[in-house]
Amino acid sequence: MSERDRDANARAAAGATLRRSCRAVVVGVGTVGLHRALAFDDAGLDVVGYDVDESLVADYRRGRDGTETVGDDRLAASDCSFTADPACVADADVVTVSVPTGRGGDGRSLELVRDAAATVGEHLTAGTTVVLESTVHPGGVRGVFAPALERASGLDAGREFAVAHSPERLSPGGRTDVRTKLVGADDPAVARDVADLYGRVHDSVHVVDDPAVAAAAKCVENVYRDVTIALVNELAAALDALELDADAVLDAAATKWNVPRLDPGLVGGTCLPVDPELFAARAARAGAATPLVRTARAVNEAVPARVADEVVTALGERGDPGDSTVLLLGLAYKADVADLAGSRCVDVAERLADSGADVVGYDPLVSADRADRTLPFDVTEECSFRGVDAVAVLVGHEAFDSLTLADVAGATADPPAVVDVPRVFDRARAADHGVSYRCP
Ligand SMILES: NC(=O)C1=CN([C@@H]2O[C@H](COP(=O)(O)OP(=O)(O)OC[C@H]3O[C@@H](n4cnc5c(N)ncnc54)[C@H](O)[C@@H]3O)[C@@H](O)[C@H]2O)C=CC1
Ligand SMILES: CC(=O)N[C@@H]1[C@@H](OP(=O)(O)OP(=O)(O)OC[C@H]2O[C@@H](n3ccc(=O)[nH]c3=O)[C@H](O)[C@@H]2O)O[C@H](C(=O)O)[C@@H](O)[C@@H]1O
């Protein structure tokens, strides 16, 4: 038996512990890591969540969900333990890493991934399986993550410890019943062990024999989504110019089985604004231009300014924007979540502030306390249209479905103007209520 086979068997034997009760350490327990820790806990693993953010760890230890994505009850009901001490890695059978991917697309974007690998490496023991769940560009595992683990541990990736890539595909507030987990590993035995592990948590696992393929698939799916949303943003603006109801047209077009129903909107979060650039920059370094990817990004990046400019135009029709107050409805980065990370409400508010307008925000899902700590403008706990000169609806939370233009107009003799990104209001009723209504 060759030395490599013997090592593979030894590690597979070690990896076999992944199929029984094993100790999992989740490195980076933010949105993705916390979901991962709880899912592994539900599957019967002995789970430790490690994070550098000591205040977050302290929250978790008190049974408080600092990410506001799973809820205190779910957290308190779990058997996960949490620590800010990386020494916990030494006792792990499997380590998953879910630290942030930085913006920028060049080497800077994987700095945190590299740093986390170095910390894990310092405490890594032979036979451990390390799985990167963070999003990286194709080649990021072989070129950045694994070498950082080897440098810090002095161990050989592939011979003395196992490495796999399983980019997370969680979509908070989205459908979770159809999530297939990708697993990419050079070594078939490692791929099998990691697929077995995730098979205890996910409905299905798709295995590829190269971490770069898994990384590329993750980038491609987010590029695809960014491009299609950009297309809908462009089409909706054109339909508005044609004085056609964009919602009705998009609904009708989506009756064709292969036309997805997406909505025009502010494209935020920590992934769609980041991952296309991650991929495009990597492709450019290989000599491949991706003009459509970059153009789509530019189309989506332009939406916040367009929304703010529509509001300023509406304010100008009523008086001096500098003496106006604007209410932003919906502050989270997307509908029906509480997450403010990457929310484009900040871009809209900053542009409005440049025009001199006062900005106040309201979001039924975001605590005013958390918003005050995160957002650069005042946030109110109640949805009141009294004393505002314009209302900008930024995300279409289900909680807004019950709002009507009568509510907006009812508060004052001079109804505020409305700019409605998710089109929650009925445009046809605007004139009845004397409301100046626009969709950007
Ligand atoms: N948020 C989401 O919905 C999704 C995110 N992803 C990807 O998952 C990765 C993580 O994203 P999120 O969970 O949203 O980020 P996050 O910012 O919510 O959480 C990351 C956590 O990692 C911690 N951290 C940073 N450096 C560390 C280190 N060296 N050691 C230990 N902990 C460290 C931070 O303190 C933070 O708590 C990113 O690559 C992202 O692109 C993928 C799918 C969905
Ligand atoms: C291909 C894909 O569906 N990727 C998902 C995406 O999740 P994310 O939480 O970013 O949500 P999303 O539904 O894509 O929305 C992103 C942004 O785009 C906006 N958005 C979304 C859909 C739409 O029709 N119109 C629109 O304007 C949202 O408001 C949000 O600001 O990115 C995640 C990630 O990689 O972080 C990924 O795990 C998720 O599966």
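Placed above this text is the structure.
Residues numbered from 1 in each chain as written. Chains lettered and ligands numbered in written order. Predicted model: local features only at pLDDT ≥ 70, side-chain atom pairs only at ≥ 80, totals over all residues. Heavy atoms only, no water.

### A few points about a nonpolar patch on the surface
Phase 1: A cluster of nonpolar side chains, namely Leu242, Leu244 and Val249, defines an oily patch on the protein surface of about 250 Å² accessible area.
Phase 2: Relative to the helices and strands, Val249 resides in helix 9 (residues 246-253).
Phase 3: Overall, Val249 belongs to the partly exposed group, its relative accessible area being 32%. (Patch = residues over 30% accessible without salt bridge, like charges linked within 9 Å, V, L, I, M, F, W, Y side chains within 5 Å. Areas by Shrake-Rupley, 256 points an atom, 1.4 Å probe, with all protein chains shown as cover. Salt bridge = Lys/Arg side-chain N within 4 Å of Asp/Glu carboxyl O. Helix = DSSP H or I, 4+ residues; strand = E, 2+ residues; numbered from the N terminus. Buried < 20%, exposed > 50% of the residue type's maximum accessible area, 1.4 Å probe, protein only.)

### Focus on the site of ligand 2
Phase 1: As a structural note, the neighbourhood of ligand 2 is formed by 21 residues, with Leu170, Lys218, Arg225, Cys271 and Tyr333 the closest of them.
Phase 2: Leu170 has a polar backbone atom sitting 2.6 Å from an oxygen atom of ligand 2.
Phase 3: Between ligand 2 and Gly268, the relevant distance is 2.8 Å, taken from an oxygen atom to a main-chain nitrogen or oxygen of the residue.
Phase 4: The protein chains hide 85% of the 760 Å² of surface that ligand 2 would expose on its own.
Phase 5: For the shell around ligand 2, the leading source of residues is helix 8 (residues 211-241), giving five residues.
Phase 6: For the shell around ligand 2, the class distribution of residues is nine nonpolar, four polar and eight charged. (Near = heavy atom within 4 Å. Polar contact = N/O pair within 3.5 Å; in protein donor to acceptor, adjacent residues only side chain to side chain. Nonpolar A, V, L, I, M, F, W, Y, C, P; charged D, E, K, R; others polar.)

### Focus: a negative patch on the surface
Phase 1: Taken together, Asp358, Asp372, Asp378 and Glu381 make up a surface patch of like negative charges.
Phase 2: As for its position among the elements, Asp358 is in strand 10 (residues 358-362).
Phase 3: What makes Asp358 partly exposed here is its relative accessible area of 49%. (Lys, Arg positive; Asp, Glu negative; His and termini not counted. Charge placed at Lys NZ, Arg CZ, Asp CG, Glu CD.)

### A word on helix 6 (residues 140-153)
Phase 1: Here helix 6 is 14 residues long and its end C-alpha atoms lie 19 Å apart, about the 20 Å a rise of 1.5 Å per residue gives.
Phase 2: Helix geometry: helix 6 is bent most strongly at Ala146, by close to 30°, with proline Pro147 lying one to four residues after it.
Phase 3: All of the buried residues in helix 6 are Gly140, Val141, Val144, Phe145, Ala146, Pro147, Ala148, Leu149 and Ser153.
Phase 4: Those residues of helix 6 that are buried lie in contact with strand 4 (94-97), helix 5 (111-123), strand 5 (129-132), strand 6 (162-165) and helix 8.
Phase 5: Where helix 6 ends, the next residue or the one after it, Gly154, has phi of about 75°, a positive value. (Expected span 1.5 Å × (residues − 1). Bend = angle between axes of the 7 residues up to and from the residue. Contact = heavy atoms within 4.5 Å.)

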